[in-house]
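Here is what each chain is made of, one letter per residue.
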Amino acid sequence: MGWITFVLLGTVVLLGIAIWSIKRHKDPHLALKTDDSLDGLIPSISGMSLGMAIRGNSAEIFQNGAFFDALLEDILAAKKTVHFETFLWKDGALGRRMAEAFSRQARAGVKVRLVLDAVGCKKMGKEVQEQMRAAGCQLAIYHPRTLKNIGVVVERDHRKLAILDGRTAWVGGHCIVDEWLGEAQDKDHVRDLSVRLRGPVVHAVQSVFSENWVEVTGRLFVGADAFPPLEPAGEVEAHIASMKPEGSAPAVKILHHTVICCARTRLWIQNPYFIPELDAVEALAAAVRRGVDVRVMVPSADASDMPIVQHAAHRNFQQLLDSGVRLFEYQRTLLHQKVMTVDGIWCSIGSSNFDDRSFETNDEITVGFHDRKLARRLEEIFEADRAHCIELESAQWKKRGLVHRAKDSAFYLFKEVL
């Protein structure tokens, strides 16, 4: 019995060391010192995040429920291919509307391919899945909780994107849940935004979709139906961060950290689940010391759909406030958009939360834009959303009660799995 116990204990220790080693290689301490302006660093930023800057695109922002009207119009106008990927889909009026659009297109002979996260879409309803399959839609269910997936069960597909005929792409935070309809007018209607892309960057979004489609199905797609020749559609320069190489720091994390280190005048962030690790906290503080106007907007714990995440975030708020970072809590409803703007010349929109799970575990996508007009538009949205915020003050934050502090510290221990 003694030898068996010893062997089991040794196995557990070895496994723990292996897990620690894997995580250590995927989570290096990131640091960057540069005096260069962000305006001249776009090739570096896109390259460091395993992408490349692509010129000649258009980008249109759609907020709240208006996103679905435009997306469905594009889906129903597609002639060749409809590709769609999402993390969260729940049964409801919106889900049935989306399913009907996909089914209608499949019956018309359009190739409809969907990648659906097994956990986030488990409540979409069997009837909806059966309807789409019967119509000819091809569904790829990402990482079901089965024995063969035990090694990747924590890895979720958190992306939200669509590509129509290989010519139009959508990226953002919208989920297929009825609460995403409306105008964010109350706590039952989520605040969110997404972006519609046209131009050569659409091929890059299509490539992101292909990653998980091929992983689940093993089926490749080629040809002009999915990758048509694309002419310039505007003046926006864009780049994609999505890759998560095995054993290396993920591209989305590298992108976020790099632009924080490159900011020179202002850095504004909107994110629903903001739990920066200590390297990021220090990078934000260093930006303030450089004279950068750093602002972060998150939903309040009362407005969030996951209050425990907000309490975990509160754990480092004091350090951020003391360093000069301005923190705003959105009171009206769940603020779900994942947006950054830097120096009025660069901005990003995507699916990634500002936490360890999104940066190191989930499959995500963030699109960076080198475009002053788009950055200004997102700054205007930030300013408008401030009307529904309370700005936190360092002195007042120190006075929060013991119960609040205890919740913050307790939930912070589980920040990597929230």
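Details of the structure are given in the entry above.
As the structure is a prediction and not an experimental result, all values here were calculated from the model.

**Student:** Help me out: how do you make sense of the side chain of Asp371 in this one?
**Tutor:** For Asp371, the location among the structural elements is in the loop between β14 (366-370) and α12 (372-385). No salt bridge is formed by the buried Asp371; its nearest oppositely charged neighbour, Lys373, is found at 7.2 Å. Contact partners of Asp371, with chain neighbours within four places excluded, come to Glu235, Val236 and Ile345.

**Student:** Looking at this model, I keep getting lost on the pairing of strand β8 (residues 236-241). Mind explaining?
**Tutor:** Strand residues, when the strand is regular, have side chains that alternate between the two faces of the sheet. With six of six residues buried, β8 is to be regarded as a mostly interior element. Here β8 shows a buried face lined by Val236, Ala238 and Ile240 and a second buried face lined by Glu237, His239 and Ala241. With two bridges connecting them, strand β1 (residues 54-63) and β8 associate as antiparallel partners. Paired with Asn57 across the strands is Val236, a residue of β8.

**Student:** So what exactly am I meant to see when it comes to the packing of aromatic side chains here?
**Tutor:** For any pair of aromatic rings, the description consists of the separation of the ring centres together with the inter-plane angle of the planes. Enumeration according to the criterion identifies 14 aromatic pairs in this entry. Between Phe67 and Phe68 the ring centres are 4.8 Å apart and the planes differ by 75 degrees, which places this aromatic pair in the edge-to-face class. Look at Phe67 and you get buried, because its relative accessible area is 6%. On the basis of relative accessibility, which here comes to 0%, the residue Phe68 falls in the buried class. Three or more aromatic residues joined by ring pairs make a cluster, and in this case those are Phe62, Phe67, Phe68 and Trp170. When the ring centre of Tyr412 is taken as reference, the NZ or CZ atom of Arg315 above it lies at 5.1 Å.

**Student:** So what exactly am I meant to see when it comes to a positive patch on the surface here?
**Tutor:** On the surface, Lys90, Lys122, Lys123 and Arg145 cluster together into a patch of positive charge. The residue Lys90 is located in the loop between β2 (81-86) and α4 (93-107) in this model. What makes Lys90 partly exposed here is its relative accessible area of 34%.

**Student:** Sorry, what's going on with the environment of Asn316 here?
**Tutor:** Examined against the element boundaries, Asn316 turns out to sit in the loop between α9 (307-314) and α10 (317-323). Between the alpha carbons of Asn316 and Arg405 there is a distance of 11 Å; along the sequence they are 89 residues apart. Dropping the residues within four chain positions of it, Asn316 is found in contact with Pro276, Leu278, Val281 and Tyr412.

**Student:** Mind showing me how you'd approach the pairing of strand β12 (residues 339-342) here?
**Tutor:** By the alternation rule, side chains of β12 split into Val339 and Thr341 and Met340 and Val342, which are all buried. Here strand β9 (residues 266-270) runs beside β12; their pairing, made up of four bridges, is antiparallel. Bridge pairing in β12 links Leu267 to Val342. Relative to strand β13 (residues 346-350), β12 runs antiparallel, the two being bridged by four bridges. By the bridge assignment, Met340 is partnered in β13 with Ser348. Counted along the chain from β12 to the antiparallel partner β13, the turn is three residues long, and its residue Asp343 has a positive phi close to 60 degrees.

Cut-offs applied
- Residues numbered from 1 in each chain as written.
- Predicted model: local features only at pLDDT ≥ 70, side-chain atom pairs only at ≥ 80, totals over all residues.
- Heavy atoms only, no water.
- Helix = DSSP H or I, 4+ residues; strand = E, 2+ residues; numbered from the N terminus.
- Buried < 20%, exposed > 50% of the residue type's maximum accessible area, 1.4 Å probe, protein only.
- Lys, Arg positive; Asp, Glu negative; His and termini not counted.
- Salt bridge = Lys/Arg side-chain N within 4 Å of Asp/Glu carboxyl O.
- Contact = heavy atoms within 4.5 Å.
- Pairing = 2+ DSSP bridges.
- Phe/Tyr/Trp six-rings, centres within 6.5 Å; stacked < 30°, edge-to-face > 60°.
- Lys NZ or Arg CZ within 6 Å of the ring centre and 35° of its normal.
- Patch = residues over 30% accessible without salt bridge, like charges linked within 9 Å, V, L, I, M, F, W, Y side chains within 5 Å.
- Areas by Shrake-Rupley, 256 points an atom, 1.4 Å probe, with all protein chains shown as cover.
- Charge placed at Lys NZ, Arg CZ, Asp CG, Glu CD.

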